[in-house]
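Spelled out from the first residue to the last, the chains are:
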Amino acid sequence: MSNTRVLPLLDAAASEEVAPCCPPLTERPFTAEEAETAARMFKALGDPVRLRLFSAVASHEGGEACVCDISDVGVSQPTVSHHLKKLKEAGLLTSERRGTWVYYRVEPTVLAAMGKLLTIAPVAA
């Protein structure tokens, strides 16, 4: 019995349909809820180890990474697990257990949403 599943490909054209967590910073002031969501994501990425882990997952071949392949970030395995948990709690990663290993994947809309958040909105002429 195979433990493999087919994951859907993201359509590049669909990136316009991504509902970001918040409007671009220059569009209008954030609501309290939008500020909480954005702060949670950026706080999770504010730690150098978490940023390295997030980058390792995001750039890994196939778009997902086994914890066994990304653990070499200069901290112990329990600390890696703690940081990956924080990234999941912030909504930045998803995970799937396959046998004894856990595979991590960047939440599909996260990068697009964060990019839209940091986009400078065009100024009306």
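Presented here is an overview of the structure given in this document. (Residues numbered from 1 in each chain as written. Predicted model: local features only at pLDDT ≥ 70, side-chain atom pairs only at ≥ 80, totals over all residues. Heavy atoms only, no water.)

Before going further, it helps to examine the overall build of the chain. Looking only at helices and strands, one finds five helices and three strands in the chain. Ordering the α and β elements of the chain from the N terminus gives α-α-β-α-α-β-β-α. Buried positions account for 29% of the 125 residues belonging to the chain. Contacts in the chain between residues at least 24 apart in sequence constitute 60% of all its contacts with a sequence separation of at least 6. Of the roughly 8200 Å² of accessible surface on the chain, 58% is carried by carbon and sulfur atoms. (Helix = DSSP H or I, 4+ residues; strand = E, 2+ residues; numbered from the N terminus. Buried < 20%, exposed > 50% of the residue type's maximum accessible area, 1.4 Å probe, protein only. Contact = heavy atoms within 4.5 Å. Areas by Shrake-Rupley, 256 points an atom, 1.4 Å probe, with all protein chains shown as cover.)

Only one face of strand 3 (residues 101-106) is buried, namely the one carrying V102, Y104 and V106, since none of W101, Y103 and R105 on the opposite face is buried. Bridge count between strand 2 (residues 93-98) and strand 3: six bridges; the pairing is antiparallel. Bridging across to strand 3, R98 finds its partner in W101. Hairpin connection, strand 2 to strand 3: the antiparallel pair is bridged by two residues, and G99 has positive phi, about 65 degrees. (Pairing = 2+ DSSP bridges.)

Both the distance between ring centres and the angle between the ring planes are used here to describe each pair of aromatic rings. Tallying each qualifying case throughout the model produces zero aromatic pairs. Positioned over the ring face of Y103 is R98, at 4.2 Å from the centre of the ring. (Phe/Tyr/Trp six-rings, centres within 6.5 Å; stacked < 30°, edge-to-face > 60°. Lys NZ or Arg CZ within 6 Å of the ring centre and 35° of its normal.)

Here we take up the side chain of S71. Within the secondary structure layout, S71 lies in the loop between helix 3 (67-70) and helix 4 (77-89). Here the side chain of S71 touches Q77 through a polar contact of 3.0 Å, side chain to side chain. Other than its neighbours up to four places away in sequence, S71 contacts Q77 and V80. (Polar contact = N/O pair within 3.5 Å; in protein donor to acceptor, adjacent residues only side chain to side chain.)

Okay, the sheet that holds strand 2 next. The antiparallel open sheet is built from three strands, whose spatial order is 1-3-2. Looking at which strands have only one partner, the edges of the open sheet turn out to be strand 1 (64-66) and strand 2. Each adjacent strand pair in this sheet contributes to an overall mean axis angle of 25 degrees, direction not counted. Helix 4 rests against strand 2 and strand 3 of the sheet, and its axis sits at about 125 degrees to strand 2. (Axes fitted to C-alpha atoms, helices over the stretch in contact; angles between N-to-C directions.)

It is worth spelling out the side chain of E64 at this point. Tracing the backbone through its elements, the reader meets E64 in strand 1. For E64, the side chain forms a polar contact with the side chain of R98, separated by 2.9 Å.

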